[in-house]
Amino acid sequence: TYISCKQNETDAPPVNEATMVAIMTEVYYMDVHFNSLNSHIKDSILYVKLNGLLNKYGINKEQFEKAKEYYSQNEKAQLKLEEGIKKAIDSASVQ
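Because the structure is predicted, anything quoted here is derived from the model rather than measured.

1. Side note on the overall build of the protein
- Along its length, the protein carries four helices and zero strands.
- Ordered by position in the sequence, the α and β elements of the protein form the string α-α-α-α.
- For the protein, the proportion of its 95 residues judged to be buried stands at 25%.
- Surface accessibility of the protein: about 6700 Å² in total, with carbon and sulfur atoms responsible for 55%.

Pasting the structure below:
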């Protein structure tokens, strides 16, 4: 039996698209906010902040990692996710 490494496009993502858009949008803003810091300090802060963010959405690190893998292996889902993040950032900049 051959098992493909590519995610089946009909499989449900480990974390739904709306939640991933919300998480990744907040990650984007955190990254920008701490951009001027030393990379080691920035990485440490982002690690702590990410854990708090995942808790906020009721997701653990393993689910988040599986979701990132799912979206990276599913081109259509990845494009929809990126569009959702861009829309969220664009709409926040207009306000």
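2. Regarding the nonpolar core
- Core analysis: the biggest nonpolar cluster contains 19 residues, and Met-20, Ile-23, Leu-54, Ile-59, Phe-64, Tyr-71 and Leu-81 have the highest contact counts within it.
- Apart from residues no more than four positions distant in its own chain, Tyr-71 is found in contact with Pro-13, Val-15, Asn-16, Glu-17, Met-20, Ala-77, Gln-78 and Leu-81.

3. Some remarks on the packing of aromatic side chains
- For the structure on display, the rule yields two aromatic pairs.
- Judged by centre distance (5.1 Å) and plane angle (90 degrees), the rings of Tyr-70 and Tyr-71 are edge-to-face.
- Judged by its relative accessible area of 4%, Tyr-70 falls in the buried class.

4. Quick notes on the pattern of salt bridges
- On inspection of all chains with the given rule, the structure shows seven salt bridges.
- Glu-65 serves as the salt-bridge partner of Lys-68, at 3.5 Å between the closest nitrogen and oxygen. Taken as a pair, Lys-68 and Glu-65 lie in helix α3 (residues 61–73) at a separation of three residues, close to a single helical turn.
- When salt bridges that share partners are traced, they join Lys-61, Glu-65 and Lys-68 into one network.

5. Things to note about helix α2 (residues 39–56)
- For α2, with 18 residues, the first-to-last C-alpha span of 25 Å sits near the 26 Å given by 1.5 Å per residue.
- Among the residues making up α2, those that are buried are Lys-42, Leu-46, Leu-50, Leu-53 and Leu-54. The buried residues of α2 occupy one face: seen down the axis, they fall within an arc of 95 degrees. Residues of α2 that are exposed and angled more than 90 degrees away from the buried face: His-40, Val-48 and Asn-55.

Cut-off values and rules
Residues numbered from 1 in each chain as written. Predicted model: local features only at pLDDT ≥ 70, side-chain atom pairs only at ≥ 80, totals over all residues. Heavy atoms only, no water. Helix = DSSP H or I, 4+ residues; strand = E, 2+ residues; numbered from the N terminus. Buried < 20%, exposed > 50% of the residue type's maximum accessible area, 1.4 Å probe, protein only. Areas by Shrake-Rupley, 256 points an atom, 1.4 Å probe, with all protein chains shown as cover. Core = buried A, V, L, I, M, F, W, Y, C linked by side-chain atoms within 4.5 Å. Contact = heavy atoms within 4.5 Å. Phe/Tyr/Trp six-rings, centres within 6.5 Å; stacked < 30°, edge-to-face > 60°. Salt bridge = Lys/Arg side-chain N within 4 Å of Asp/Glu carboxyl O. Expected span 1.5 Å × (residues − 1). Arc of directions from axis to C-beta.

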